[in-house]
Amino acid sequence: MRDRSATRALVLGLLSLPFGLLSPFAIWSGSRSLSRIRSSGGALHGTARALVGLLAGLTGAVFLVAGVLYWLFVP
Amino acid sequence: MIQRLGLAIAFVVLALLTYPGADLLSLAVRLTPAPVTTYPAVQGSLAWLHVEHPSGRTPFIADDQGRMVLLHGAIPGGLIDFWSGADHSKTAAPPFYPVDPAAYAGGRCPANYAIVKVPPLCEKDIEEMAAMGFNSIRLALTWSLLEPERGHFNLQYFDRIAQVVGWAKAAGMYVILDMHQNAYSRFVGRSDPPPLPGGSPADMWDNSGAPAWATITDGFPSETYSGQRELNPAVLEAENNFWYNRDGIQAEYIATVAMLARRFKDDSTVVGYSLFNEPMPGWNLPPGFEDLLLFPFYRRVIDAVTGVSDGLPCLTQIFMPAVCGFPDAGVHDLRHLFFLDTGLLREVTDFPTHLGLPVSSYPNLALGIHPYTHGYTVDALVLHQTPDKATYPWGGYDQTYSLAEREARAIGAALFVTEFGNDPTWDPLILANELAEQEQHLVGSAFWTWKENCAVNGNSWGMFDPIDCKQDLTAPKPVSGCLRTTREEMLARVYPVASADPNLAYRYDAKTGAFILRATSRFGDPPTAVLVPPDVTGAVSVSGAVAGEAVVSESASGRTVTVYPAGGEFSIEVAAAPLRPAAAC
């Protein structure tokens, strides 16, 4: 059975690329899903979705934070 | 395995098309060296202007001697293709005033009528502007007149623009060519009765911009909400289609700007191009609108006109994501400025609607703001407060200017007020405060508007009183009412035209005509020039570290006081004295 929050993480993660403010939710969903899948002993799957969601969330967060830091300090 | 690969590809493609791609491109732009440009002096022409980028402070507009230049101008609407008529059901009226320059040659001026928003723009207007001490004009143009049919430019309209630029040059005034629009187009139609609840039939009076062939409304009704011309489903859909380059219309627009630049490439009277007036987001929301649609669009225009190629190569007839540049149009104009208006919603907030990043490696950029504080900010539009009792903006009039300085630095641009104005009832409050902020922030501006026939809602906002728009609409009318005294007092003001000190401070008192400027310069710096318009009669005095006496030259624009610094602090003052009133009206 696929972990539902893996799909949620994927959707939030991809959305956090254009909408960076969603990235914390993607990271939270992705990491929770991965840990649930790992501890399910094979009963749950969806690792790829959760991982891509987590990565996309992290990417969104990195660019959001970098953009804010640039705006605040670089000029 | 296939599913994993698909997910990975989706991730990479989406990242490239959205913020990660856009941010990486901005980083690359910041690291790209600026193109080398030369500014040859031409006898009898105005000096070329450019943007200086001093370390640690906001870039500024400068002349060929590196002096900070303050542009103080007005915006005439006579070249805008406004809707005209008395019958609102006829939505596709032909252009009202003649486009042929011959109709304006030798001091001639076509008759003015009350069925169009503005009077024609004639040579006398330019002379009157110069006599008030304006040193620049933001010349509002319309895409629907530049390219009335797809791919076919109206060269007569380009001649007409050149005619006005020639008048300005003769008067010693700079021109900003403004790709103007309001509510996208006057060809969005009018749904009467409005099919959606709560709407009113669109009033076409203010609409201008795109030609009919570039106005794709997809059948959305044209009706307005809350009395705002932009809150119109047809307008929002048409704007949206422009930003998404539906049917290649954005590419056509870019080609039009390139055509304009080709015509004025070697003319130093033209400061540069205001690329899109008051950009509406369509159905998009900030900050994505600004970061992924608007500023990438600006980069594309700059790519096309200058040939700097900051964006990536893409197909130009379909949606162009943020990383897409635009092919070199072969103009290679590397001497003019590009004025980049912020998104329209910033006018409503007086607050940044996105965190701007570098747009282009081309250095001559100016961020254009429209500070309509208490006119179009939320306190007026949403809370319906009067300016004297407004509870927003919390940072007062300064909020929009202080934040805009940071925005300009972030994108690597000078700051310029491409438009400001207000209901004349509030001149002592709004206009006085806006001008005080512009002095404090050392920012030039263009005043909306020079002349306006009449207003549908409230007062007209022109420098002059409106004409009679209630009786006999078919009869010729004067080009305006009387010059508004308060506006003349406040806008025919003393100001530094150019100075080697970009940190100078100055203050003009519109009530007494008194002026003081304090600056610091090194020995051998180029001179500081102050313009004293004819209305201001006070004696000029200079003190501090200056070499010799001030040189005062007279022209139709008044007295130009030129002071040569000797190294150190100096000041230039104009004594309080009665203002010379305008000619009786």
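Here, the structure is the one placed above.
An account of the accompanying structure is given in this report. Small disclaimer: the values here were computed from a predicted structure and weren't measured.

1. Some thoughts on the overall build of chain B
The secondary structure content of chain B amounts to 13 helices and 21 strands. Computed over C-alpha atoms, the radius of gyration of chain B comes to 24 Å, within 12% of the 25 Å expected from 2.2 N^0.38 for 585 residues, which places it in the range of a compact globule. Dimensions of chain B, computed from C-alpha atoms along their principal axes, come out at roughly 80 × 60 × 50 Å. The burial tally for chain B puts 58% of its 585 residues in the buried class. Expressed as a percentage of contacts within chain B between residues at least 6 apart in sequence, the contacts between residues at least 24 apart total 74%. Total accessible area on chain B stands at roughly 21,800 Å², and carbon and sulfur atoms take up 58% of it.

2. A short note on empty space enclosed by the protein
Residue and element names in this part refer to chain B. Under the counting rule described, the total for this entry stands at five cavities of 30 Å³ or more. A volume near 130 Å³ is recorded for the largest cavity. As for the largest cavity, its lining consists of 17 residues, and the residues nearest its centre are G78, L79, I80, Y97 and L145. Here the lining of the largest cavity is composed, by residue class, of 13 nonpolar, two polar and two charged. Put simply, the second largest cavity is a space of about 100 Å³. Sorting elements by how many residues they give to the lining of the second largest cavity places helix α12 (residues 427-440) first, with three residues.

3. Digging into the packing of aromatic side chains
Under the defined criterion, the tally for this structure stands at 31 aromatic pairs over all chains. With 6.1 Å between their ring centres and 85° between their planes, F153 of chain B and F158 of chain B make a pair best called edge-to-face. Given a relative accessible area of 25%, F153 of chain B falls into the partly exposed group. Relative to F416 of chain B, the ring of F339 of chain B lies with its centre 5.4 Å away and its plane at 65°, an arrangement referred to as edge-to-face. With F339 of chain B in strand β10 (residues 337-341) and F416 of chain B in strand β12 (residues 414-420), this residue pair connects regions lying 77 residues apart in the sequence. By relative accessible area, which is 0% here, F339 of chain B ends up buried. Through a chain of ring-to-ring contacts, three or more aromatic side chains come together here, namely W143, Y184, W213, F242, W243, Y253, F276, F289, F295, F297 and Y298 of chain B. One residue, R160 of chain B, lies across the ring of Y104 of chain B, its end atom 3.3 Å from the ring centre. Sitting over the face of the ring of W71 of chain A, R406 of chain B holds its NZ or CZ atom 5.7 Å from the ring centroid.

4. What about the layout of surface pockets?
Residue and element names in this part refer to chain B. Quantified by volume, the largest pocket comes out at close to 1,400 Å³. G227, Q228, G375, Y376 and L381 are the residues nearest the centre of the largest pocket, which is lined by 50 residues in total. Of all elements in the fold, only α9 (345-349) and α10 (378-381) reach the threshold of two or more residues within the lining of the largest pocket. Here the residues of the lining of the largest pocket are counted per class, giving 23 nonpolar, 17 polar and ten charged.

5. Here's the deal with the interface of chain A and chain B
Between chain A and chain B, the residue contacts involve 19 residues of the former and 22 residues of the latter. Summed over both sides, the interface of chain A with chain B buries roughly 2,000 Å², with 74% coming from carbon and sulfur. Connecting chain A to chain B are five residue pairs in polar contact (both at pLDDT 80 or more). Put simply, the parts of the chain that give the side of chain A that touches chain B at least two residues each are α1 (4-16) and α3 (47-73) of chain A. For the side of chain A that touches chain B, the element with the highest residue contribution is α3 of chain A, accounting for twelve residues.

6. A look at the state of the cysteines
Cysteine pairs can be covalently joined through their sulfur atoms, and such a bond is termed a disulfide. Residues and elements named next belong to chain B. Considering all chains together, one arrives at three disulfides over all chains under this definition. Here C314 engages in a disulfide with C324; their sulfurs sit 2.0 Å apart. Between C314 and C324 the disulfide shows an S-S torsion of about -85°. By sign, it is left-handed. Within this pair, whereas C314 is found in the loop between α8 (288-306) and β10, its partner C324 is found in the loop between α8 and β10, the two being separated by ten residues in sequence. Using a relative accessible area of 29% as the deciding quantity, one classes C314 as partly exposed. Residue class for C324 comes out buried when judged on its relative accessible area of 2%. The disulfide partner of C454 is C469, and the S-S distance across this bridge is 1.9 Å. Here C454 and C469 share a disulfide; its torsion about the S-S bond, -90°, makes the bridge left-handed. Of this pair, C454 sits in the loop between β13 (445-448) and α13 (485-491) while C469 is found in the loop between β13 and α13, placing the two residues 15 residues apart along the sequence. C454 gets classed as buried once you look at its relative accessible area, which sits at 10%.

7. A closer look at the environment of S39 of chain A
Residue and element names in this part refer to chain A. Position of S39 relative to the elements: it lies in helix α2 (residues 23-39). Separated by 13 residues in sequence, S39 and V52 place their C-alpha atoms 19 Å apart. Reaching out from S39, the side chain makes a polar contact with the backbone oxygen of S35 at a distance of 2.9 Å. A distance of 3.2 Å separates a polar atom in the side chain of S39 from the backbone oxygen of R36.

8. Some words on the side chain of R299 of chain B
All names here are of chain B. Mapped onto the fold, R299 is located in helix α8. Of the side chains with opposite charge, D310 lies nearest to the buried R299, which makes no salt bridge, at 5.7 Å. Discounting residues that sit within four places of it in the chain, R299 has contacts with L25, S26, V29, D310, G311, A322, P358 and V359.

Parameters and conventions
The numbering scheme is per chain: residues are counted from 1 as the chain's sequence reads. Labels follow written order: the first chain is A, the first ligand is 1, and so on. A pLDDT threshold of at least 70 governs which residues receive local features in this predicted model, and a stricter bar of 80 or more applies before side-chain atom pairs are shown or counted, although totals over entire chains, interfaces and linings include all residues. Side-chain metrics in this entry use all non-hydrogen atoms of the structure; hydrogen atoms and water are not considered. A run of H or I in DSSP counts as a helix once it spans at least four residues, and a run of E counts as a strand once it spans at least two, with each numbered from the N terminus. Radius of gyration means the value over C-alpha atoms here, while the globule rule gives 2.2 Å times the residue count to the 0.38 power. For every residue, the accessible area obtained with a 1.4 Å probe (protein chains only) is divided by the maximum for its type, and the residue is called buried under 20%, exposed over 50%, and partly exposed between those limits. By definition, residues are in contact when any of their heavy atoms lie within 4.5 Å. Computed with the Shrake-Rupley method and a 1.4 Å probe, the accessible areas treat only the protein chains shown as cover for residues. For each structure, a 1 Å grid was placed over the protein atoms alone; sets of points admitting a 1.4 Å probe that cannot get out are labelled cavities, open sets with protein on both sides within 12 Å along at least five of seven lines are labelled pockets, and lining residues have an atom within 4 Å of a point. Grid points are joined across faces, edges and corners, and a volume is the space filled by probe spheres set on the points. Charged means Asp, Glu, Lys or Arg here, nonpolar means Ala, Val, Leu, Ile, Met, Phe, Trp, Tyr, Cys or Pro, and polar covers whatever is left, Gly included. Only rings of Phe, Tyr and Trp enter the pairing, Trp through its six-membered ring, and a pair is recorded when the two centres are within 6.5 Å. The plane angle decides the type: under 30 degrees is stacked, over 60 is edge-to-face, the rest tilted. Counting as a charge over the ring demands two things of the Lys NZ or Arg CZ atom: a distance within 6 Å of the ring centre and an angle within 35 degrees of the ring normal. Each of two parts loses accessible area, computed with a 1.4 Å probe, when they are put together; buried area is these two losses added. Polar contacts here mean pairs of N or O atoms no more than 3.5 Å apart (in protein, one a potential hydrogen donor and the other a potential acceptor; neighbouring residues in sequence count only if both atoms are side-chain atoms). By disulfide we mean two sulfur atoms from cysteines, separated by a distance within 2.5 Å. Counting rule for charge: Lys and Arg are taken as positive, Asp and Glu as negative, and neither His nor the chain ends is counted. Note on definitions: salt bridges are taken to be side-chain nitrogens of Lys or Arg within 4 Å of carboxyl oxygens of Asp or Glu.

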